[in-house]
Amino acid sequence: MQPTGVFISFEGIDGAGKSSHIQALSEAFRQQGREVVQTREPGGTALAEKLRDMVLHQPMDALTEALLIFAARRDHLQTVIQPALDANRVVLCDRFTDATFAYQGAGRGVAHDKLATLERWVQGNLQPDLTIIFDLPPAVGRARAGSIKTPDRFEQENEAFFGRVRDGYLQRAREAPQRVRVVDASHSIGEVQTALALIVEDLCR
Ligand code: TYD
């Protein structure tokens, strides 16, 4: 039987160890003979990467930020994610719309209903098949991330901001428990990897 496309997104505050887990999972899927598209948001296309650069470095208000992120997402969905799913590939996306609800919504205060409207406009019914939130107290995340030489607009934010972002993620998990799984990222890399492998096995069964 031909495997169908699978869309998995990965979320969490900085320092949660997302990147190494995405890399390991990508290798595991390739070993099973699956074609994998590893991508990220904001970004993943030439246009979306330009928008990412603006969002990360140029001062702007919170709603402008959300609009640019959704514009980037639309381009990414149309030109990369949907075609990959149509071709039965595995799409592993470093952040997706839950990040917008967490950072622009809970973090910066953009109203939930505005974000929900944009989500419907941009995505229709498309949601990841699975979203993993690597959950971590902000102080632990900060200590792990270490000192960053030239922090971007998000990395410059304080612990209270990341506390709200974390709560925003956990709220999204409560709203969509069948899609979103929370993994305790304060455990060792090995333990987190084992938890992740079980969740993904469950999805692909
Ligand atoms: P990230 O993938 O964490 O970049 P890096 O690995 O280089 O630190 O994402 C960049 C930032 O973008 C991150 O701080 C969170 C932010 N972001 C939002 O604020 N809203 C969104 O919808 C997305 C996708 C990301």
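Here we summarise the structure given alongside this text. (Residues numbered from 1 in each chain as written. Predicted model: local features only at pLDDT ≥ 70, side-chain atom pairs only at ≥ 80, totals over all residues. Heavy atoms only, no water.)

## Quick word on unusual backbone geometry
Stated formally: Only DSSP runs of H or I covering at least 4 residues are called helices, and only runs of E covering at least 2 are called strands; the numbering of each starts at the N terminus. Type-normalised accessible area, obtained with a 1.4 Å probe on protein chains alone, sets the label of each residue: buried when under 20%, exposed when over 50%, and partly exposed for intermediate values.
Look at the link from Glu41 to Pro42: it is a cis peptide, with omega at -15°. In this fold, Pro42 is placed in the loop between β2 (36-40) and α2 (46-57). Unusually for a residue other than glycine, Asn88 sits at a positive phi of about 65°. Along the polypeptide, Asn88 turns up in the loop between α3 (62-86) and β3 (90-94). For Asn88, a relative accessible area of 23% translates into the label partly exposed.

## Digging into the site of the ligand
What counts is decided by this rule: In these notes, residues near a molecule or strand are those with any non-hydrogen atom within 4 Å of it. Under this definition, polar contacts are N or O atom pairs within 3.5 Å; protein pairs additionally need one hydrogen-donor-capable and one acceptor-capable atom, and for neighbouring residues in sequence, both atoms have to be side-chain atoms. Each accessible area is a Shrake-Rupley estimate made with a 1.4 Å probe; only the visible protein chains count as cover when residues are assessed.
In the vicinity of the ligand lie 16 residues, with Arg52, Arg95, Thr100, Tyr103 and Gln104 positioned nearest. Between an oxygen atom of the ligand and a side-chain N or O atom of Arg52, the distance comes to 3.1 Å. One of the side-chain N or O atoms of Arg95 is found 2.9 Å from an oxygen atom in the ligand. Here the ligand loses 87% of its free accessible area of 550 Å² to cover by the protein chains. If you list the elements that add at least two residues to the shell around the ligand, you get α2, α3 and α4 (97-107). Element by element, the count of residues in the shell around the ligand is highest for α4, at 4 residues.

## Side note on the side chain of Glu41
The condition that has to hold: Note on contacts: a residue pair qualifies if any of its non-hydrogen atoms lie within 4.5 Å across the two residues.
Here Glu41 shows up in the loop between β2 and α2. By relative accessible area, Glu41 is classed as buried at 5%. If sequence neighbours within four positions are ignored, Glu41 has contacts with Arg52, Arg73, His76, Ile81, Cys93, Asp94, Arg95 and Phe96.

## Quick look at the packing of helix α6 (residues 138-145) against helix α7 (residues 159-175)
Rules: Fitting a line to C-alpha atoms yields each axis, with helices limited to the stretch in contact; the angle taken between N-to-C directions then spans 0 to 180 degrees. Crossings are assigned a handedness: left-handed for a near helix turned anticlockwise from the far helix by less than a right angle, right-handed for a clockwise turn. Note on residue categories: nonpolar means Ala, Val, Leu, Ile, Met, Phe, Trp, Tyr, Cys or Pro, charged means Asp, Glu, Lys or Arg, and polar means any other residue, Gly included.
At a minimum axis separation of 9 Å, α6 and α7 run at an interaxial angle of 115°. Crossing of α6 over α7 shows right-handed handedness. On the side of α6, the interface is formed by Pro138, Ala139 and Arg142, while α7 contributes Glu159, Phe162, Gly163 and Arg166. The class makeup of the residues in the contact of α6 with α7 is 3 nonpolar, 1 polar and 3 charged.

## Observations concerning the packing of α3 against helix α5 (residues 112-123)
Let me state the cut-off plainly: For this classification, under 35 degrees means roughly parallel, over 145 means roughly antiparallel, 65 to 115 means roughly perpendicular, and everything else is oblique.
Between α3 and α5, the shortest axis-to-axis distance is 10 Å and the interhelical angle comes to 20°. With respect to each other, α3 and α5 are oriented roughly parallel. Classified by chirality, the crossing of α5 by α3 is right-handed. From α3, Leu63, Ala66, Leu67, Phe70, Arg73, Arg74 and Leu77 reach across to α5, where they touch Lys114, Leu115, Leu118, Glu119, Trp121, Val122 and Gln123. Residue composition of the contact of α3 with α5, by class: 9 nonpolar, 1 polar and 4 charged.

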